[in-house]
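Here are the chains, one letter per residue:
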2 protein chains.
Amino acid sequence: MPKLRVHNITVSLDGYAAGPNQRLEHPLGEGFEEMHDWMFAAMRDHADGRTGVDVDHVARSEENIGATIMGRNMFGPHRGPWQDESWKGWWGANPPYHNDVFVHTHHLRPSVPMEGGTTFHFTDEPVETVLARAFEAADGKDVRIGGGAATVQQYLRAGLIDELHLAVFPKLLGSGERLLDNLGDGVDGYRVSELVSSPAVTHAVLVRR
Amino acid sequence: MPKLRVHNITVSLDGYAAGPNQRLEHPLGEGFEEMHDWMFAAMRDHADGRTGVDVDHVARSEENIGATIMGRNMFGPHRGPWQDESWKGWWGANPPYHNDVFVHTHHLRPSVPMEGGTTFHFTDEPVETVLARAFEAADGKDVRIGGGAATVQQYLRAGLIDELHLAVFPKLLGSGERLLDNLGDGVDGYRVSELVSSPAVTHAVLVRR
Ligand SMILES: NC(=O)c1ccc[n+]([C@@H]2O[C@H](COP(=O)([O-])OP(=O)(O)OC[C@H]3O[C@@H](n4cnc5c(N)ncnc54)[C@H](OP(=O)(O)O)[C@@H]3O)[C@@H](O)[C@H]2O)c1
Ligand SMILES: NC(=O)c1ccc[n+]([C@@H]2O[C@H](COP(=O)([O-])OP(=O)(O)OC[C@H]3O[C@@H](n4cnc5c(N)ncnc54)[C@H](OP(=O)(O)O)[C@@H]3O)[C@@H](O)[C@H]2O)c1
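All values reported here derive from a predicted model rather than from experimental measurement.

### Side note on the relation of the copies chain A and chain B
Okay, step 1: The transform that puts chain A on chain B rotates by 180° and translates by 0.0 Å along the axis, for an RMSD of 0.0 Å. Here the copies are linked by what is in effect a two-fold axis. When C-alpha distances to the rotation axis are compared across chain A, the minimum falls at Ser 197 of chain A, with a value of 2.8 Å.
Okay, step 2: The residues that chain A uses at the interface reappear at the interface of chain B in 100% of cases, marking a shared surface.

### Quick look at the site of ligand 1
Residues and elements named next belong to chain A.
Okay, step 1: In the vicinity of ligand 1, 26 residues are found, and the nearest of them are Pro 27, Thr 105, His 106, Thr 151 and Gln 154.
Okay, step 2: Between ligand 1 and Asn 73 there is a distance of 3.0 Å, counted from an oxygen atom to a side-chain nitrogen or oxygen.
Okay, step 3: The contact in question runs from a nitrogen atom of ligand 1 to an N or O atom on the side chain of Gln 154, over 2.7 Å.
Okay, step 4: Considered on its own, ligand 1 offers 930 Å² of accessible surface; in the complex 87% of this is hidden by protein.
Okay, step 5: At the level of secondary structure, the elements contributing two or more residues to the shell around ligand 1 comprise β1 (4–12), β2 (16–18), α3 (72–75), β7 (142–147) and α5 (149–157).

### What about the interface of chain A and chain B?
Okay, step 1: With 25 residues of chain A in contact, the opposing surface of chain B contributes 25 residues.
Okay, step 2: Taken together, both faces of the contact between chain A and chain B bury some 1900 Å²; the carbon and sulfur share is 69%.
Okay, step 3: When the area that chain A buries against chain B is broken down by residue, the three leading residues are Leu 13, Leu 172 and Leu 195 of chain A, summing to 32%.
Okay, step 4: Scanning the region where chain A abuts chain B turns up two salt bridges.
Okay, step 5: Across the chain A-chain B interface, the total number found is three residue pairs in polar contact (both at pLDDT 80 or more).
Okay, step 6: Going through the elements one at a time, β8 (163–169), β10 (190–197) and β11 (202–208) of chain A are the ones with two or more residues in the side of chain A that touches chain B.
Okay, step 7: Here the element with the most residues in the side of chain A that touches chain B is β10 of chain A; it accounts for five residues.

Calculation criteria
- Residues numbered from 1 in each chain as written.
- Chains lettered and ligands numbered in written order.
- Predicted model: local features only at pLDDT ≥ 70, side-chain atom pairs only at ≥ 80, totals over all residues.
- Heavy atoms only, no water.
- Least-squares fit on C-alpha atoms with pLDDT ≥ 70 in both.
- Contact = heavy atoms within 4.5 Å.
- Near = heavy atom within 4 Å.
- Polar contact = N/O pair within 3.5 Å; in protein donor to acceptor, adjacent residues only side chain to side chain.
- Areas by Shrake-Rupley, 256 points an atom, 1.4 Å probe, with all protein chains shown as cover.
- Helix = DSSP H or I, 4+ residues; strand = E, 2+ residues; numbered from the N terminus.
- Buried area = accessible area lost by both parts, 1.4 Å probe.
- Salt bridge = Lys/Arg side-chain N within 4 Å of Asp/Glu carboxyl O.

Geometric descriptors of this kind do not, in isolation, establish any biological role.
Laid out in structure tokens, this is it:
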């Protein structure tokens, strides 16, 4: 059975997955940039054929993904109605997804095909519907949620996520978007299957019971 | 300079230091009991002369403490005015403190001397005042805050804690008392100096910048 997976979500020790005041100059919110560096370093090391705790997690995240889901705040810094449709994501002409990307938003736009096989679709449908579309697009492979906090939370609360990998970064952020919050009964469905620290972060993997 | 230290505070992966519905049968709140077992196991191992990541942390926590501070919810399950003064803490006739213990509460009572050198004092004074009294009682040694979440938070927010050791337990609790919350600018004063996982928990040590 194809799975719904989430990988490489960095959270501060106090639980934030994004800093306050997200904007063009601070895609991850203020104070968050350095916290996500472990992942970029691990991606470089992976490309160079190195191994290690961080690299292994990044390597896993790239395996067998056929479609992507994300929230509108991860797609861009805009809030409210689109002023125009020139924004096509943070990732340039050839985004690193290479598959269909479903962007949750209340502000619909036509789909945006990009180079390299990525197409952004905008949807205001419920998570169950979007997930079904994503599984269909993935054609037997797994679906990955890219982020951010609000989106992962909705799927977790609904018990739809099969595997969630967090990287806890040792910093107190104090404010921002909390990840593991408002989960309701959703938490009962999960157990932590791994907990291991690299020099940079602590990796925790949540799986369904 | 004597320090204000906090040790062995277990928090769930979603940041709770106590479960919901604290009461006589659930001193730590519902669902929390198993999460604190690592500490009791480490205390036993320490007494038996064993070593290890968890044991080392527990050993450190016992060194050079001259006075203790705690919140009223850690002292007992009562809320509101005392019905009588028969409650003398969870710890029996000879509590494991062996020094002056200052209990923050709005509901004052006369001090309670116990066997083994522990005396419980009840105070509604501000944290700065209570800390000064505790340092005086500690007579050159360090002061330790026992818990719970609300009390540690106040001292952290005020930037008064020199060292805070957390043990992150790999479980989602979903509700309860969050520790690293409402810290305001208090967070700016701290950095994480250690992050290491044992098979049971991830130890994080926060120190003042
Ligand atoms: N820590 C990490 O590793 C990591 C990973 C990925 C992303 N991030 C960061 O996380 C931040 C974004 O997270 P976030 O929690 O602010 O937001 P998000 O989950 O990316 O997006 C939330 C927004 O998506 C739309 N949306 C979500 N669910 C919807 C639904 N069911 N129906 C319709 N619209 C829906 C709404 O926007 P509208 O109402 O405006 O349409 C909502 O405000 C960014 O800073 C990003 O860089 C961090
Ligand atoms: N996770 C761990 O390792 C760990 C460690 C220790 C304790 N715990 C648990 O934590 C829980 C207690 O934590 P908590 O956050 O609920 O409460 P707490 O910090 O123990 O106590 C809070 C209460 O203390 C009184 N208080 C605190 N500050 C005060 C002030 N400045 N002035 C006057 N009164 C003040 C108030 O009670 P009144 O208004 O009623 O007087 C307040 O409701 C317990 O379940 C305990 O077992 C867990």
